[in-house]
Structure formats: structure tokens, C-alpha cells
Amino acid sequence: MDDEAIVAATRQWIEKAVIGLNLCPFAKAVYVKNQVRYVVSRAPHLDGLLEDLDRELDFLAAADPEAVDTTLLIHPALLADFLDFNDFMQLAEAAVGEHGLEGVIQIASFHPAFQFEGTDPDDISNYTNRAPFPTLHLLREASIERAVAAFPEAGTIYERNIETLEKLGHAGWAALWTASGR
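Draft legend 1. View of the environment of F114. Note that F114 resides in the loop between β3 (105-110) and β4 (135-140). A relative accessible area of 7% means that F114 is categorised as buried. Separated by twelve residues in sequence, F114 and N126 have C-alpha atoms that sit 5.9 Å apart. Filtering out sequence-adjacent residues up to four positions away, F114 remains in contact with F82, S109, N126, N129 and R130.

As C-alpha cells, then:
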């Protein structure tokens, strides 16, 4: 799959799940303003992925938020196993600190086999964080703070998302993608 197809699948996930199901009430504003940067990593090993992450952390920290507010670093081949991906997140979080960006940038994680602790792999609640490919979402803390201030019930988003997916069910989730020919 080429980079263009990977980004297209990621955009479709954002449109249909993240925005379409309102899993993140803050996503639509930056998405429609084209302030989301999509970077596909082709690193052949984890050290290369960390180098790509280093570059993206530096890029996002220096970029004008009006032009690029957030970055999705997508790797279609590495970290197919969710537990390996989850372990890698410790390295990713350490990279934020190494760049002196704690309190400036945070990373959210998305994976095709995402699983919350204490859930079964097929539990529909896991789909709140399931993306087409292993993805690191680099977010500006200042943007999060502004969004949370505008959405007073931000603490309830997680519970609301689970309710949404429980109502949708596995068949409804699958229908999101079959309707578009994915």
C-alpha cells in the first residue's frame, strides 16, 4: 500500500469514526481547517521510527499552530502486535521528555488491535482507539486546554464514546466501512 492510500484510509477513519461518531468533539475543527499533518513512516526498525518521531516532535513544536495543529505519525508495517506497540509508547513518551516538550506536546495512541486493560480483545469499547494502522497522534497541550475549556464535560468523553460504540455494536462498526467500499 502506498503512502497516499495509507493517508486516505486514515482520513476515512477520521471522517467516519472520529468525527462521524463524534468520538473526539475537538477533531472536526482542526480537520476541516486542514491543520492535521499526516506522516507515513517507512522506517524498517524501531530506531528509525523513533528518529521519525524525533523529527515530528521538533517539526510540530516549531510549526505555526494555525498551519499545523496536530500530527498523525502512521506506520503501516512496524508494531503490528498491539502489546509491542503499547511497549513502544513508553519510548515515545520518553522522546517527548528528551525534547523538553513535556507540557507542550502529548501523544495519544491508536492501533488496529487496540485493547484497554481488563477488556477482551473483541470488546467494542476498544474500538474507540482503533485506527487502520499503528498511529501516534502528537497533540499540542495548549490546543487541548482550549478545546477542554470550550467543552465543559470533557471528562465524560470516554464514557460517552463507549456508550456510542455499545449502541452501534460490531455490526454497526463494520457497516461504517462496508458502505464506503473500504
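Draft legend 2. The arrangement of the nonpolar core in detail. In terms of nonpolar packing, the biggest core is built from 27 residues, with W13, I14, Y38 and W173 touching the most fellow members. Within the residue set of this core, elements represented by two or more residues are α1 (3-19), α2 (27-32), β1 (36-40), β2 (70-74) and α6 (157-178). Residue contributions to this core peak at eight residues, all from α1. Those residues in contact with W173 that lie beyond four places of it in its chain are A17, L21, Y127, R130, L165 and L168.

Draft legend 3. Region of interest: the pattern of salt bridges. On inspection of all chains with the given rule, the structure shows four salt bridges. R42 is the partner of D3 in a salt bridge, and the nearest nitrogen-oxygen pair spans 2.8 Å. Of this pair, D3 sits in helix α1 while R42 sits in the loop between β1 and α3 (46-62); the two residues are 39 residues apart in sequence, bridging distant segments of the chain. With a relative accessible area of 34%, D3 lands in the partly exposed category.

Draft legend 4. Just the sheet that holds β4, in detail. Spatial ordering of the open sheet is given by β1-β2-β4-β3, a layout of four strands whose pairing is mixed. A strand with exactly one partner marks an edge of an open sheet, and here the two such strands are β1 and β3. In this sheet, neighbouring strand axes are inclined to one another by 20° on average, regardless of whether the strands run parallel or antiparallel. Sheet topology note: the β1/β2 ladder contains five bridges and is parallel. Paired with V39 across the strands is L73, a residue of β2. Helix-sheet contacts for α1 involve β1, β2 and β3, and the interaxial angle to β1 is about 135°. Contacts from helix α5 (residues 141-150) reach β3 and β4 within the one sheet, and its direction differs from that of β4 by about 75°.

Draft legend 5. The arrangement of the packing of α3 against helix α4 (residues 82-98) in detail. Close contact between α3 and α4 brings their axes to 10 Å; oriented N to C, the two are set at 35°. Helix-helix and strand crossings are classified by hand; for α3 and α4 the assignment is right-handed. The residues of α4 that touch α3, namely those facing L46, L49, L50, L53, D54 and L57, are F88, L91, A92, A95 and V96. Looking at the contact of α3 with α4 residue by residue, the class counts come to ten nonpolar, no polar and one charged.

Draft legend 6. Spotlight on α4. The terminal C-alpha atoms of α4, which comprises 17 residues, lie 24 Å apart, in line with the 24 Å expected from a rise of 1.5 Å per residue. For α4, the full list of buried residues reads F82, F85, F88, M89, A92, A95 and V96. Against the buried residues of α4 lie α3, β3 and β4. The N-terminus of α4 is capped by D81, whose side-chain oxygen sits 3.0 Å from the backbone nitrogen of L83. Positioned one or two residues after α4, G100 has a phi angle of 70°, which is positive.

Draft legend 7. Here's a closer look at the packing of aromatic side chains. Per the counting criterion, the structure on display carries seven aromatic pairs. Taken together, a centroid distance of 4.8 Å and an interplanar angle of 75° make the contact between F114 and F116 edge-to-face. Three or more aromatic residues joined by ring pairs make a cluster, and in this case those are F82, F85, F114, F116 and Y158. Over the ring of F59 we find R37, and its NZ or CZ is 3.7 Å from the ring centre. Above the ring of Y127, the side-chain terminus of R130 is found at 4.4 Å from the ring centroid.

Here is what the cut-offs are and how they apply
- Residues numbered from 1 in each chain as written.
- Predicted model: local features only at pLDDT ≥ 70, side-chain atom pairs only at ≥ 80, totals over all residues.
- Heavy atoms only, no water.
- Helix = DSSP H or I, 4+ residues; strand = E, 2+ residues; numbered from the N terminus.
- Buried < 20%, exposed > 50% of the residue type's maximum accessible area, 1.4 Å probe, protein only.
- Contact = heavy atoms within 4.5 Å.
- Core = buried A, V, L, I, M, F, W, Y, C linked by side-chain atoms within 4.5 Å.
- Salt bridge = Lys/Arg side-chain N within 4 Å of Asp/Glu carboxyl O.
- Pairing = 2+ DSSP bridges.
- Axes fitted to C-alpha atoms, helices over the stretch in contact; angles between N-to-C directions.
- Left-handed = near helix turned anticlockwise from the far one by under 90°.
- Nonpolar A, V, L, I, M, F, W, Y, C, P; charged D, E, K, R; others polar.
- Expected span 1.5 Å × (residues − 1).
- Polar contact = N/O pair within 3.5 Å; in protein donor to acceptor, adjacent residues only side chain to side chain.
- Phe/Tyr/Trp six-rings, centres within 6.5 Å; stacked < 30°, edge-to-face > 60°.
- Lys NZ or Arg CZ within 6 Å of the ring centre and 35° of its normal.

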